[in-house]
Amino acid sequence: MTEIVKRASAGTMESSDVYVEIEPAETGLTVELQSVVQKQFGASIEAVVQEVLQECGVEKARILIRDRGALDCVIRARVEAAVLRGKEG
Amino acid sequence: MSKVVKSLKEAIRNAGLKDGMTVSFHHHLRNGDYVLNMVMDEIADLGIKDLTVNASSIFDVHAPILNHIENNVVTQILCNYMASGVGRAISTGIMEKPVQFRTHGGRPSDIALGRTPIDVAFIAVPAADNMGNASGKFGPSACGSLGYAVADAMFAKKVIVITDNLMPYPLPDWAISETYVDYVVTVDAIGDPKGIVSGTTKITRDPVGLVMASYAAQVIKHSGLLKDGFSFQTGAGGASLAAASFLKEIMLKEKIRGSFGLGGITGYMVEMLEAGCFEKLMDVQCFDLKAVESIRSNPNHIEINALQYASPAFKSAVVDSLDVVILGATEIDTDFNVNVHTDSNGYIMGGSGGHSDAAAGSKLCMIIAPMFRARLPIVRDRVHCVSTPGQDIDVLVTQGGIAVNPKNAELTERLKAAGLPILDIRALKEKTEAITGTPDPLRKGDRAVAQIVSRYGEPLDTIYNVVD
Amino acid sequence: MRRSLLFLPGNTPNILINGNCLGADAVIFDLEDAVAPDQKDAARILVRNTMKYLNFRGCEVIVRINSLDTAYWQADLDTIVPQKPNWIMLPKTAQASDVQTVDAYLTALEEKLGMETGTVRMMPLIETALGIENAFCIASASKRVGALFLGAEDLTADLRCKRTKGSHEIEYARGRMVVAARAAGVDVYDTPFTDVNDPEGMAEDAAYAKAMGFTGKAAISPRHVETINAVFSPTAEEVNYAYEVLEAIAQAKAQGRGAISLRGKMIDAPIVTRAQQTIAMAEELGMGKGGQA
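Residues numbered from 1 in each chain as written. Chains lettered and ligands numbered in written order. Predicted model: local features only at pLDDT ≥ 70, side-chain atom pairs only at ≥ 80, totals over all residues.

**Student:** Tell me about the overall build of chain A, residues and numbers included.
**Tutor:** Counting its secondary structure elements, chain A contains two helices and four strands. For chain A, the α and β elements follow one another from N to C terminus as β-β-β-α-β-α. In terms of C-alpha radius of gyration, chain A reaches 12 Å, essentially the compact-globule figure of 12 Å for 89 residues. Counting all 89 residues of chain A, 43% fall into the buried class. Taking all contacts inside chain A whose residues are at least 6 apart in sequence as the whole, residues at least 24 apart take part in 77%. (Helix = DSSP H or I, 4+ residues; strand = E, 2+ residues; numbered from the N terminus. Rg over C-alpha atoms; globule rule 2.2 N^0.38 Å. Buried ≥ 20, exposed ≤ 12 C-beta atoms within 10 Å, placed from the backbone. Contact = placed C-beta atoms within 7 Å.)

What follows is the structure, encoded as structure tokens:
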């Protein structure tokens, strides 16, 4: 299991990017998503975020996503980078 | 004799405006227009209600119209374009009667044929004399052409000209003749020059836009249409202008002299005229200062009205002689139907303007648009609403390839032979979705908020309210 | 065929995701100068994902990693190599041992990942005075080295001279790079032209590089790609001449003649090789006889 020990962020609010913030939580995963393509891709973005967190072994964290129309590969990269930054001591 | 009356209120009273009538406006002052709001406030003050507003376009500067809708002063809107601020409110279903969208050619047709009669036309003009001869070329609020106002002047029962620049009779070089005008009103300012014309319209620096523009110019080059006498129209979007600038290079290099450039005119089209790419510009609307200056001073830069520009009701229109037009799209479907009315969430944020007219009249109608914007693919199975029917669209140019409407077998072969990346529109859709993923379909509400009327006056599609 | 090499900033999604549509023969995902030190971690993950999930077919992928004097280069390689980039560009390469250090690291990584040794090639970026003087040794330091790349901006700083549009200050460096690369049997790429508002200057600079023997040229702006491609493509005239050379050779062979001349000039082996290269490139570009695309 990967523990998130501090608040960390990755990405930007530029077009086609996504800003991801992660912080420690007592229990479980909460994902708060805001996206310019919420109606068309909201569900799929949430699934991708969950998948990356699982791959990274994160079980407890609060994640905030501000999506500006990023592709899946970008969302994956930004979530992974945020996790990497949040787990370091 | 003089037609000048002392106030707008007096002109409205004299014109006999009553509950349930139709008033009209043009959009040459674009987002700098003061007149529509000024007039509607006076009308509301007079206690007149239940009006139909027939405006060639509604911009966000006209947002106060929402209050008049709420107070039942305005109960229906007819327009050719509606900007996103007002469009968003309309899309939530605030009006009982749906908005009617027409095209720049269809609107004057329907006015002339009596399908959409106008009781009182309010025509803002940058210059007028005391008998109502009026022009867009002079004065602090100069906008150049007044092409969209002419049908209103010709066919409305009463015509009120509103100006901030009363000039001595007779005004030279008028667009609207005194023969149509009932009253002249002077006001402090008809608009804010900053919102009327842009200082400059800029070519895109966006790399994707430049790739599309380069493809677009190549499509024209190899279409078989680029020869002496060539005629051309393009929008004012960054990529369209870049395409025009690439086209200019090709025309100069190959010494091709075109006959005319058409449409809403930007400084880039003026440069093409001055460089000798065209004999004439036919101008229904000026987009920037350079265009305004040119229409005032260059005799080869000719003002035309919307009837002559694009109306199918008359014996011919300039679009019927048009070779190539470059247009935009928010969505296009696999049958080449184009949506320029609604945004990705289904909110109204535009309209056909001259889109459908130029598409129908031209020999080659090309859409240029990126494969996707903010992850939303441009090619869909079905557009949210049809603004321009697919039968009038010939080519879609994206950075990821060029799709040709299958009805154009010969053009497809020509472009393939030129080495351009041609692919089936369905293949382009798949290629795009491989990058973006497939978007979930939008849910539509069950309440019609707008009717799209074709340029021939037939119902084309319906826009429904947006639900969350 | 690599005529144009387009730099793409490694932490900018909206440019990366369209990198394969900009007409360049190769893209250079830049993890070095285009990425701020505190974003190196995020950029290498973003570049890895771009390579992993998007299709760059028809467009070679070069990744410019951080230089050996940083703490980043191993992590760059660890993250990027599993996606099999065609090339690794090593900035500030100054001597053969720099190449060998990265070569050894790549070999170990390839082994670990079950990739054939040498899958990932190296394109040393030479941008110091020492690097220029060692160019031949660098080019022949490892079988992985397939091309040299000249970086004139850092070089002129090192030379303590001003970088000018006339480029006289890099004349020697350009010449030396071409000679060294060709002597070692590898390709060689010219430094980008940095003014995006001077298309004529760009075209002249590219034509000069071609005339000196460079294989192609880098671009920092997509607006330069089309010009570079045009300059480094064979002209219709060159293609026609190449076909004439090969026909003359074929005729001479059929007639059993040894010495061959065309348009009054002797055709020797190098001319034949050049003709074959030109035709191969023309065919790749879809140019037929007469040079029409």
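**Student:** Go over the interface of chain C and chain A with me, naming the residues and quoting the values.
**Tutor:** Between chain C and chain A, the residue contacts involve 12 residues of the former and 15 residues of the latter. Contributing elements (two or more residues each) for the side of chain C that touches chain A: α1 (13-16) and α2 (40-53) of chain C. The leading source of residues in the side of chain C that touches chain A is α2 of chain C, at eight residues. For the side of chain C that touches chain A, the residue count by class is seven nonpolar, three polar and two charged. (Nonpolar A, V, L, I, M, F, W, Y, C, P; charged D, E, K, R; others polar.)

**Student:** Give a description of helix α8 (residues 171-184) of chain C that names residues and reports values.
**Tutor:** All names here are of chain C. Along its 14 residues, α8 runs 20 Å from first to last C-alpha, staying within 8% of the 20 Å computed at 1.5 Å per residue. Of the residues making up α8, those classed as buried are A173, R174, M177, V178, A180 and A181. Downstream of α8 by a residue or two, G185 has a phi angle that is positive, lying close to 75°. (Expected span 1.5 Å × (residues − 1).)

**Student:** Tell me about the sheet that holds strand β16 (residues 331-333) of chain B, and please be specific about residues and values.
**Tutor:** All names here are of chain B. Strand order across the open sheet formed by three strands is β17-β16-β21, with mixed pairing between neighbours. Edge positions in the open sheet fall to β17 (338-339) and β21 (379-380), since each of these has one partner strand only. Strand direction decides the pairing type here: β16 and β21, joined by two bridges, are parallel. When the bridges of β21 are listed, D333 appears paired with R380. (Pairing = 2+ DSSP bridges.)

**Student:** I'd love a proper account of helix α9 (residues 199-212) of chain C, names of residues and values included.
**Tutor:** Residue and element names in this part refer to chain C. If you check α9, its first and last C-alpha atoms are 20 Å apart, about what 14 residues at 1.5 Å a residue would give, namely 20 Å. Three or more residues of α9 are buried, namely M202, D205, A206 and A209. Projected down its long axis, α9 carries its buried residues within an arc of 100°, all on one side. Facing away from the buried side of α9, by more than 90 degrees, are the exposed residues E200 and A211. Of the surrounding elements, those touching the buried residues of α9 are β7 (187-190), β8 (216-219) and α10 (225-232). At the exit of α9 stands G213, carrying a positive phi of roughly 115°. (Arc of directions from axis to C-beta.)

**Student:** Summarise the sheet that holds strand β22 (residues 395-398) of chain B; cite the residues concerned and give the values.
**Tutor:** Residues and elements named next belong to chain B. Taken in spatial order, the eight strands of this open sheet run β14-β13-β12-β11-β15-β18-β22-β23, and their pairing is mixed. In this open sheet, the two strands that pair with only one neighbour each are β14 (301-303) and β23 (401-404). For this sheet the average axis-to-axis angle between neighbouring strands, irrespective of direction, equals 20°. Here strand β18 (residues 364-368) runs beside β22; their pairing, made up of three bridges, is parallel. Paired with I367 across the strands is L396, a residue of β22. Sheet strands touched by helix α8 (residues 207-221): β15 (324-327), β18, β22 and β23. Its angle to β22, the strand with the most contacts, is close to 145°. (Axes fitted to C-alpha atoms, helices over the stretch in contact; angles between N-to-C directions.)

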